[in-house]
Amino acid sequence: MRAPLVNFRRLQVAAPWPLVWTVTFFILLARLVVLLVGIAVTAVRHWRAWPAVALVLLAVDVHRSHGWWPHVLVLIVVAASAGMWWWRSRESFERLVVLRGLSWWRRLWVYRRQWHEVMSLCGLVKKYDGGEKLPELLSVRCSYATDEVVLRMPRGQNPEAYHKAARDLAYSFGTRHCRVFSGRRQAPPARSGSLAWILRRVDAIRFRDRPRQVWLVLIRRDPLTRIVKPLPVPARPDFTALPLGTREDLAVYCLRLLATHVLIGGATRMGKGSVIWSLLRALAAGIRSGLVRVWAIDPKGGMELSIGRPLFSRYVDDDWTRMADMLDDAVTRMRARQRVLRGKVRVHTPTVDEPLIVIVIDELATLLAFLPDSDIRSRIAQSLGMLLSQGAGLGVLVVAATQDPRKEVVSVRDFFPTRIALGLTERGHVDLLLGDGARDRGALADQIPLSAKGVAYVLLDGQPEPARVRFSYISDDVIREMAATFPAPAEVQPEPVNTPTPTPAPAAVKARSNGNGRHTYRPTAPKQAAPLLPSSLLHALDLDATPNGGDPR
Ligand SMILES: Nc1ncnc2c1ncn2[C@@H]1O[C@H](COP(=O)(O)OP(=O)(O)O)[C@@H](O)[C@H]1O
Ligand SMILES: [Mg+2]
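Quick summary incoming for the structure in this document. Remember, predicted model here, so these are calculated numbers, not experimental data.

1. As for the packing of helix α3 (residues 69-88) against helix α4 (residues 90-121)
The relative placement of two packed helices is expressed as an angle between their axes plus a distance between the axes.
In step 1: Axis separation between α3 and α4 bottoms out at 5 Å; the angle between their running directions is 125°. It follows from the interaxial angle that α3 and α4 lie oblique. Facing A82, W85, W86 and R88 of α3, the residues of α4 in contact are R90, S92, F93, L96 and V97.
In step 2: For the contact of α3 with α4, the residue count by class is 6 nonpolar, 1 polar and 2 charged.

What follows is the structure, given as structure tokens:
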């Protein structure tokens, strides 16, 4: 019997049972629909597991009907095919089988198993509505040196939180380094062929910007602990990608030297020389063909650069005035080009007639801050300022090394668009070199151990996060061999002849410390007789800028 809902003596209200049942039914139905949709979404999301599930079911069924022998047969066939594949095409086998298997295993065993614990302990879990919001593990891709983990941040977070937690994350997952990238690291592949337009559309969706995803690159085995051998000299230098060393993800580190100046910062004996020599090696074929002209200034009296003298079209190591003259000449060349190119192109393309001029300066601070003669110092600062502010697009580039990146020492620091931070002595120097916040984003250049010479942090194209690289080590013998194989053709611009020659070094040999307290002795390069300037070129240059109305330097 149905009892009334309210039963006062005078007032009686009947319970609306049909309404209660209908509402309950619809609530349960809605829950069921949500559950089914959830199962469908999970199944679609884990579509990669379908073949495995199907295979297991098939294996169980075959075992029931035929016993073990079909399994043994299949295993033998699979092992033989894998062996054959490995033998015929090792690269594709490693990429598609070994590394994929490794990725699957590490995703399951290292990351999925410890994900909740590590994220909580590293402070990356958010609390909301009485529950927890975890970063979502999306994928793991392994190389022989790194694990690339892609995750989706919970709402209320930005990549900064992961930059801050990077070291905790690295050690929690049993590695020493973890780089955090807020953007995709690979560009979409270049497509060609008749179906290219469809593939490009698919790529546009696949590679679309996903702001909530974060890429963690954990360095499993640090490939930068070993010295990097000199890389092969490219037959024709590609100025957009000059191979200089190894990245920590085992890729070759390539420097883009197109329309940019490069500042190399590093404490003494941390390997600034190896950056310069690696760059010269990458340019060597261009130096020999005349496409690249290297003008070198070594204010430390030739301690670093004199050994490769034949590579340089012009070289000064002993006379401040000649250094200033050389930079003035570079400005003159730059302005001549400016007049020719004005209104035609915005970036100069190097040719043998109008080559790329790379001015290499081993210790910039000596020229800008510590030079005793203030007149020459201000001349040098002025020319450098002109070159740095206007020369990049005109093919007159400056590559300079400094021990101290402070503005008091290197006043023109901000004019270098490309910076390289080798081991530094002070924490504050990292941001001065690589830009504000670079250290927080992972450039721990002040923590590079003394033994890791040639290891540096650099910014790769289009990525705000720094990458760790090691430059190839070019020994003295390799430099000598390079200088003999790729000498620069004679420079059309003669070296100055009217400047007073400084007192020569006491002996015809100069000492150079090799870091072990011992000294290796190298003969100084003989001064080359420079050819005279052809009159055609004489008129092409801006002679107004030279003193005495046209005394060519
Ligand atoms: N890329 C490198 N890999 C290994 N060792 C290096 C590398 N660069 C330099 N070294 C070692 O470090 C020493 C100092 O390097 P150097 O280039 O002269 O330093 P810097 O110019 O910064 O004072 C070298 O004598 C060499 O033994
Ligand atoms: Mg040096």
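Once you've had a look at it, read on.
2. Quick word on the site of ligand 1
In step 1: Around ligand 1, a shell composed of 17 residues is seen, among which R269, K272, G273, K453 and F471 lie nearest.
In step 2: Measuring from an oxygen atom of ligand 1, one finds a backbone N or O atom of G273 at 2.9 Å.
In step 3: A distance of 3.4 Å is found between a nitrogen atom of ligand 1 and a backbone nitrogen or oxygen belonging to K453.
In step 4: Burial of ligand 1 by the protein amounts to 87% of the accessible area it has alone, namely 550 Å².

3. Some thoughts on the environment of R269
In step 1: Within the secondary structure, R269 is located in the loop between β11 (262-265) and α8 (272-289).
In step 2: The partly exposed category is assigned to R269, whose relative accessible area is 45%.
In step 3: Separated by 134 residues in the primary sequence, R269 and Q403 have C-alpha atoms spaced 9.5 Å apart.

4. Some details on the nonpolar core
The tendency in soluble globular proteins is for nonpolar side chains to be buried side by side.
In step 1: Core analysis: the biggest nonpolar cluster contains 96 residues, and L257, W277 and L364 have the highest contact counts within it.
In step 2: At 9 residues, α8 tops the list of elements feeding residues into this core.

5. Quick look at the sheet that holds strand β16 (residues 418-421)
Remark on secondary structure: sheet strands pair via backbone hydrogen bonds, oriented parallel or antiparallel.
In step 1: Taken in spatial order, the 10 strands line up as β10-β9-β18-β17-β16-β11-β15-β14-β12-β13 in an open sheet, and their pairing is mixed. Bordering the open sheet on either side are β10 (252-255) and β13 (314-316), each of which pairs with just one other strand. Here the average twist between neighbouring strands, direction ignored, is 30°.
In step 2: Summarising the sheet, β16 and strand β17 (residues 455-459) pair through 2 bridges and their orientation is antiparallel. Note that in β17 the partner of A421 across the bridge is Y457.
In step 3: Across the sheet, α8 lies against β9 (242-247), β10, β11, β12 (292-297), β14 (356-361), β15 (396-402), β16 and β18 (466-471), angled at about 140° from β9, the strand it touches most.
In step 4: Relative to β12, helix α9 (residues 320-341) is tilted by about 150°, and along the sheet it contacts β12, β13, β14 and β15.

Reading the values: the criteria
- Residues numbered from 1 in each chain as written.
- Chains lettered and ligands numbered in written order.
- Predicted model: local features only at pLDDT ≥ 70, side-chain atom pairs only at ≥ 80, totals over all residues.
- Heavy atoms only, no water.
- Axes fitted to C-alpha atoms, helices over the stretch in contact; angles between N-to-C directions.
- Helix = DSSP H or I, 4+ residues; strand = E, 2+ residues; numbered from the N terminus.
- Parallel < 35°, antiparallel > 145°, perpendicular 65-115°, else oblique.
- Contact = heavy atoms within 4.5 Å.
- Nonpolar A, V, L, I, M, F, W, Y, C, P; charged D, E, K, R; others polar.
- Near = heavy atom within 4 Å.
- Polar contact = N/O pair within 3.5 Å; in protein donor to acceptor, adjacent residues only side chain to side chain.
- Areas by Shrake-Rupley, 256 points an atom, 1.4 Å probe, with all protein chains shown as cover.
- Buried < 20%, exposed > 50% of the residue type's maximum accessible area, 1.4 Å probe, protein only.
- Core = buried A, V, L, I, M, F, W, Y, C linked by side-chain atoms within 4.5 Å.
- Pairing = 2+ DSSP bridges.

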